[in-house]
Number of protein chains: 2
Amino acid sequence: MSVMYKKILYPTDFSETAEIALKHVKAFKTLKAEEVILLHVIDEREIKKRDIFSLLLGVAGLNKSVEEFENELKNKLTEEAKNKMENIKKELEDVGFKVKDIIVVGIPHEEIVKIAEDEGVDIIIMGSHGKTNLKEILLGSVTENVIKKSNKPVLVVKRKNS
Amino acid sequence: MSVMYKKILYPTDFSETAEIALKHVKAFKTLKAEEVILLHVIDEREIKKRDIFSLLLGVAGLNKSVEEFENELKNKLTEEAKNKMENIKKELEDVGFKVKDIIVVGIPHEEIVKIAEDEGVDIIIMGSHGKTNLKEILLGSVTENVIKKSNKPVLVVKRKNS
């Protein structure tokens, strides 16, 4: 049974390494790949920081509940992500891919593994590191967890001068 | 600058997962990939077991030095590897690849990272686990080390029902 890469999952955190990985996604077009699931996961742990937020709200003297503040933050992050996703979606459509863009709030590696399964992708193409990874980290935890927990092939694209 | 996968490094330990990874190597033929570096590393730690060997030789009453025994073992492992490599080489040549087969003795992930660099490959395609990895290990140490220490993109192919 020969291998075909028809459907690709490309999770991005809009980092520099994710941009390098995007070039690899495009290269798969010649491999008769047809569709890209373009995914961005807003890390819920970035939003759910109740203790800090309530402190902040108090200091700023803002008459807002923590829930309201969290919701506003989530909407703002979602809005920002949408704009970035539009550009990437266009880039991929320009090389002939059908693109389905998804933005979810959750734990990044868990959402990536779940959506790869739900969408029945043939391969995951992602950067080895994300935005938050320190220089000395040799493999970002999101990518390491995806490799360990998904049964899909994962093309790990390294960051520049790694 | 667009990405091309002209030269592939395919390290194999002849395990079941390595066989699945071979299918992915073949899939890259349609991506205008031209050459495969087919690599097998005989793990020197398998050969250099002086204490056990000298014990064994003593028990078996064989009049052989440990060096002689190690050499014979190395030659035997190399011979076995050659036969297996011949079949894989033919399989890859049949789908149109130019194949360079290499057998070395050393520490697997170190040799893989080094040869990927020396040969200037565009991608490494390998199994997530090797022969010796236990079921509960989620990512084999050889593959994990290659991902961490090489700057090449690595396509990690998962083992069956992982």
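Residues numbered from 1 in each chain as written. Chains lettered and ligands numbered in written order. Predicted model: local features only at pLDDT ≥ 70, side-chain atom pairs only at ≥ 80, totals over all residues. Heavy atoms only, no water.

Take the packing of aromatic side chains next. A full pass over the atoms with the stated rule returns 5 aromatic pairs over all chains. Aromatic side chains Y5 of chain A and F28 of chain A sit 5.2 Å apart centroid to centroid with 70 degrees between the ring planes, which places their arrangement in the edge-to-face category. Taken as a pair, Y5 of chain A in the segment before β1 (7-11) and F28 of chain A in the loop between α1 (16-27) and β2 (35-43) lie far apart in primary sequence, 23 residues in all. Taken as a pair, Y5 of chain A and F28 of chain A share a single burial class, namely buried. On the basis of relative accessibility, which here comes to 0%, the residue F28 of chain A falls in the buried class. Through pairs of rings, three or more aromatic residues link up here, namely Y5 and F28 of chain A together with Y5 and F28 of chain B. One cation-aromatic arrangement involves K29 of chain A over F97 of chain A; the distance from NZ or CZ to the ring centre is 5.3 Å. (Phe/Tyr/Trp six-rings, centres within 6.5 Å; stacked < 30°, edge-to-face > 60°. Helix = DSSP H or I, 4+ residues; strand = E, 2+ residues; numbered from the N terminus. Buried < 20%, exposed > 50% of the residue type's maximum accessible area, 1.4 Å probe, protein only. Lys NZ or Arg CZ within 6 Å of the ring centre and 35° of its normal.)

At the interface, 26 residues of chain A touch 26 residues of chain B. A buried area of about 2400 Å², summed over both sides, lies between chain A and chain B, and 64% of it is on carbon and sulfur atoms. Joining chain A to chain B, the criterion identifies 0 salt bridges. There are 8 residue pairs in polar contact (both at pLDDT 80 or more) connecting chain A and chain B. (Contact = heavy atoms within 4.5 Å. Buried area = accessible area lost by both parts, 1.4 Å probe. Salt bridge = Lys/Arg side-chain N within 4 Å of Asp/Glu carboxyl O. Polar contact = N/O pair within 3.5 Å; in protein donor to acceptor, adjacent residues only side chain to side chain.)

Pairing in this open sheet of 10 strands is mixed, and the strands run β3(A)-β2(A)-β1(A)-β4(A)-β5(A)-β5(B)-β4(B)-β1(B)-β2(B)-β3(B) from one edge to the other. Each edge of the sheet is formed by a strand with only one pairing partner; in this case those strands are β3 (98-106) of chain A together with β3 (98-106) of chain B. Going from strand to strand, the sheet's axes swing by 20 degrees on average, the running direction of each strand aside. Pairing between strand β1 (residues 7-11) of chain B and strand β4 (residues 123-127) of chain B: 2 bridges, direction parallel. (Pairing = 2+ DSSP bridges. Axes fitted to C-alpha atoms, helices over the stretch in contact; angles between N-to-C directions.)

All names here are of chain A. Looking at chain A, the pLDDT average stands at 90 and 98% of residues meet or exceed 70. For chain A, per-element mean pLDDT is lowest for helix α3 (residues 50-60), which scores 75, and highest for helix α5 (residues 108-119), which scores 98. What the predictor reports for the complex is a pTM of 0.90 with an ipTM of 0.88. (pLDDT = per-residue confidence, 0-100.)

Before going further, it helps to spend a moment on the packing of helix α5 (residues 108-118) of chain B against helix α6 (residues 141-149) of chain B. Residue and element names in this part refer to chain B. Two elements in contact, α5 and α6, have axes separated by 9 Å at closest approach and are oriented at 35 degrees. Our pair here, α5 against α6, has a crossing hand that is right-handed. Contacts between α5 and α6 involve P108, H109, I112 and V113 from the first element and V142, N145, V146 and K149 from the second. Split into classes, the residues belonging to the contact of α5 with α6 amount to 5 nonpolar, 2 polar and 1 charged. (Left-handed = near helix turned anticlockwise from the far one by under 90°. Nonpolar A, V, L, I, M, F, W, Y, C, P; charged D, E, K, R; others polar.)

Residues and elements named next belong to chain A. The UniProt feature table records "binding site: ATP" at P11, V41, G127, S128, H129, G130, K131, T132, N133, S141, V142 and T143. In this fold, P11 is placed in strand β1. Look at P11 and you get buried, because its relative accessible area is 9%. Tracing the backbone through its elements, the reader meets T132 in the loop between β4 (123-127) and α6 (141-149). Note on T132: relative accessible area 70%, which makes it exposed. (UniProt positions renumbered as here; feature names shortened; annotations may be inferred.)

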